[in-house]
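Remarks on the overall topology
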Amino acid sequence: MKFNRFFILIFCALFAVSCGSKKKVITTKKDSDREGVITESSGNREIEGVKPLEGTPKLPPVNPRLYTVEDYIRDFAAVAMEEMRLYNIPASVTLAQGILESGGGKGDLTMRANNHFGIKCHDWQGARVYHDDDARGECFRKYKDARYSYRDHSLFLTERKRYAELFDLDKDDYKGWARGLRKAGYATDRRYPDKLIGLIERYKLYQFDADVLKRPSPSYTYTPEEPESVTYRVKKGDTLYAIAKKHNTTVEDLQRFNNLRDTNIAVGQTLVIISPE
């Protein structure tokens, strides 16, 4: 009798452990399945009640330190030309804005969010990142691919009435577009038109407008303005990209004029800045 009771107790104990083990396995499987559904369904889109998952940012196809403006033009000229065919925005202007706003493809916002034009969230319902710009922690749009940034740029300009007058200009009037963008409020920098025009003429971006319109490329010799040299003392929170953008220069030029091997800078460090005034 005692033996039977002992046997029954042992059996019940083993059964309880077995049940607990199965329950644990089932719970883990449900969690795994749920996470898999969220990852697969959300991607870079925003789903009601689900926070978008942050993906690995896409970097330039080569070492970012070696990625030049010429590389950027090579990679995105065809995209800008296609946008011009579809939306009548000069490819030269789109490329110049991309170069300027993205720091030649190497800016922090571009690296983290594929946002090449600094477009803020506004009424955006998709994925987003937060980035210091005119104020700290501003909301910016995030794209799965850089091409979506270019398309959103086209839609941003065509769907807003304040830019409507720009589409009355000649399709290759990049100077009129550059001035009109600032007048319409795209940028507050009074020198924004000059920066765009300077990039277009320095890198002969107008040739892409001519290609789309099937016209001979205009003959133009770029004459850079006399550069002005200034110094800047690095403050807490500064980045080389932010300093370059503020002073209308490039990260590459800052590195070259200051013998910098990478983008690391230190608080209190003095940088020589040469940019057209």
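Residues numbered from 1 in each chain as written. Predicted model: local features only at pLDDT ≥ 70, side-chain atom pairs only at ≥ 80, totals over all residues. Heavy atoms only, no water.

**Focus: the pattern of salt bridges**
A complete count under the given rule lists 14 salt bridges for this structure. A salt bridge links Glu138 to Lys120; the nearest nitrogen and oxygen atoms lie 2.8 Å apart. One end of the pair, Glu138, is in strand E2 (residues 138–141); the other, Lys120, is in the loop between helix H4 (108–113) and strand E1 (128–131), with 18 residues separating them in the sequence. Ionic contacts of the salt-bridge type, sharing partners, join the residues Asp71, Arg74 and Asp75 into one network. (Salt bridge = Lys/Arg side-chain N within 4 Å of Asp/Glu carboxyl O. Helix = DSSP H or I, 4+ residues; strand = E, 2+ residues; numbered from the N terminus.)

**Describing the environment of Ala178**
Looking at the secondary structure, you find Ala178 in helix H6 (residues 174–183). When its relative accessible area of 0% is taken as the criterion, Ala178 is described as buried. Considered as a pair, Ala178 and Thr94 are 84 residues apart in the sequence and their alpha carbons are 10.0 Å apart. Discounting residues that sit within four places of it in the chain, Ala178 has contacts with Pro193, Leu196 and Ile197. (Buried < 20%, exposed > 50% of the residue type's maximum accessible area, 1.4 Å probe, protein only. Contact = heavy atoms within 4.5 Å.)

**Topic: the nonpolar core**
As a rule of thumb, nonpolar side chains are buried together in soluble globular proteins. With 46 residues, the main nonpolar core has Leu95, Leu181, Tyr186 and Leu205 as its most contacted residues. If near-sequence neighbours (up to four positions away) are discounted, Leu181 is found in contact with Val93, Gln97, Leu157, Tyr163, Leu166, Tyr186, Ala187 and Leu196. Tyr232, Leu240, Val251 and Leu271 belong to the second-largest nonpolar core, a separate cluster that totals 11 residues. (Core = buried A, V, L, I, M, F, W, Y, C linked by side-chain atoms within 4.5 Å.)

**So, helix H8 (residues 206–213)**
All of the buried residues in H8 are Tyr206, Phe208, Asp209, Ala210 and Val212. Against helix H2 (69–87), helix H3 (91–102), H6 and helix H7 (192–202) lie the buried residues of H8.

**Re the packing of H2 against H8**
Orientation of H2 relative to H8, taken along the N-to-C sense of each, is 45°, at an axis distance of 10 Å. Judged on the interaxial angle alone, H8 and H2 are oblique. Crossing of H2 over H8 shows right-handed handedness. Where H2 abuts H8, its residues Ile73, Ala77, Met81, Met84 and Arg85 lie against Phe208, Asp209, Asp211, Val212 and Leu213. (Axes fitted to C-alpha atoms, helices over the stretch in contact; angles between N-to-C directions. Parallel < 35°, antiparallel > 145°, perpendicular 65-115°, else oblique. Left-handed = near helix turned anticlockwise from the far one by under 90°.)

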